[in-house]
Amino acid sequence: MLTTKLGIQDILPLTCSRTGTCCHGKLVLLNPWELACLAKEKKITTREFRDLYCEFGGIRLRFNGKPGWKQQQACSQYVDNVGCSVHLGRPLSCRLYPLGRQIQSKEVHYMYQGNEFPCLEGCPEVSGLPHLSVGEYLTGQLTDRFEKAQDEYLEVMENLADVAFVLLLDTGLAKSGDKKTLPLWREMGNELPEVLANRIGQEWIDCLMLPEISGDLDDPILFARKHNELLQLRAQEQFGALQTNKELHEASVLIMGVALHLARGIGADPKILAEHWIDTAKNHGAQE
Ligand code: SF4
Ligand code: SF4
């Protein structure tokens, strides 16, 4: 789909009229820190929030509320005629809407989908409200910590993928002539989120989405770094002493699946990433 790229100074009809239009029929993806923030705002445990209101192990908010705009179902957190029940803990994609955010060559870009400014369809009244620059809108939405969390979880994802590379390339598995691992990385990149979540299994899904970290929610960078340590420790414990090529192959597939599931939760495209990682592995001697 066509996207309109924006500079931070670009002026748009961006004062939100708070009608809740965009709380219907949308895809709201979550990283583990955002999931914890939502649970805190709802005053329940992260596990309870995940099980009650999320899909695919916690990487997506459930939209099973009363149908509203265009007969699309409301977000599970939307209260009719009131608005978002977790407003202070809402995730980055809700804060950014109608904008999207992309990182290309380490540079951050903002954009919106299509030629026409998306709010104009459901909330035409925004034309008459104060226009803001992209930068002013982001400041007003307090996106800063949420953007930092997103960037930090990109690192966590890379580190998980690195474990899959080590298991394939540094253990002798690739050198043994293995041709089964890369096709499975590709298969997982194309898999539906529920199928991938199922493949990963409950234990790793819980490690990914329900880390046992207390007291650090105010600092998303610290939270994500502690989470990274927990995941790496867990991988070391589970995969550190593997012997056979079959075990190494299964471990490489499993941890790559975890990286791809997290990728989806932070808004990356698992299919593109899987292809990129397959090419990298092939450049280092792996085969398919
Ligand atoms: S569509 Fe735009 S103006 Fe309307 S509620 Fe959503 S962000 Fe606000
Ligand atoms: S979390 Fe809140 S702001 Fe985001 S879609 Fe749900 S109800 Fe709307």
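Coordinates for the structure precede this section.
Residues numbered from 1 in each chain as written. Chains lettered and ligands numbered in written order. Predicted model: local features only at pLDDT ≥ 70, side-chain atom pairs only at ≥ 80, totals over all residues. Heavy atoms only, no water.

1. Structural notes on the packing of helix α9 (residues 202-209) against helix α11 (residues 245-265)
Angle between the axes and distance between the axes are the two parameters that describe a pair of packed helices.
And step 1. Look at α9 against α11: their axes get within 11 Å of each other, and the N-to-C directions meet at 45°. Compared by their axis directions, α9 and α11 come out oblique. Judged by the sense of rotation from one axis to the other, the crossing of α9 with α11 is right-handed. Contact residues: α9 offers Trp204, Ile205 and Leu208, while α11 offers Leu254, Ile255, Val258, His261 and Leu262.
And step 2. Residues that form the contact of α9 with α11 fall into these classes: seven nonpolar, one polar and no charged. (Axes fitted to C-alpha atoms, helices over the stretch in contact; angles between N-to-C directions. Helix = DSSP H or I, 4+ residues; strand = E, 2+ residues; numbered from the N terminus. Parallel < 35°, antiparallel > 145°, perpendicular 65-115°, else oblique. Left-handed = near helix turned anticlockwise from the far one by under 90°. Contact = heavy atoms within 4.5 Å. Nonpolar A, V, L, I, M, F, W, Y, C, P; charged D, E, K, R; others polar.)

2. With respect to the pairing of strand β8 (residues 107-113)
And step 1. Here four bridges tie strand β1 (residues 3-6) to β8, and the two strands are oriented antiparallel to one another. For Lys5, the partnering residue across the bridge sits in β8 and is Met111.
And step 2. Where strand β7 (residues 100-104) lies against β8, five bridges are found, and the strand directions are antiparallel. The residue of β8 that forms the bridge with Arg101 is Tyr110.
And step 3. Hairpin connection from β7 to β8: two residues lie between these consecutive antiparallel strands, with Ser105 at a positive phi of about 50°. (Pairing = 2+ DSSP bridges.)

3. Remarks on the site of ligand 2
And step 1. Looking at ligand 2, the residues that line it are Cys23, Leu61, Phe63, Cys75, Gln77, Tyr78, Cys84 and Cys94.
And step 2. In the shell around ligand 2, the residues fall into seven nonpolar, one polar and no charged. (Near = heavy atom within 4 Å.)

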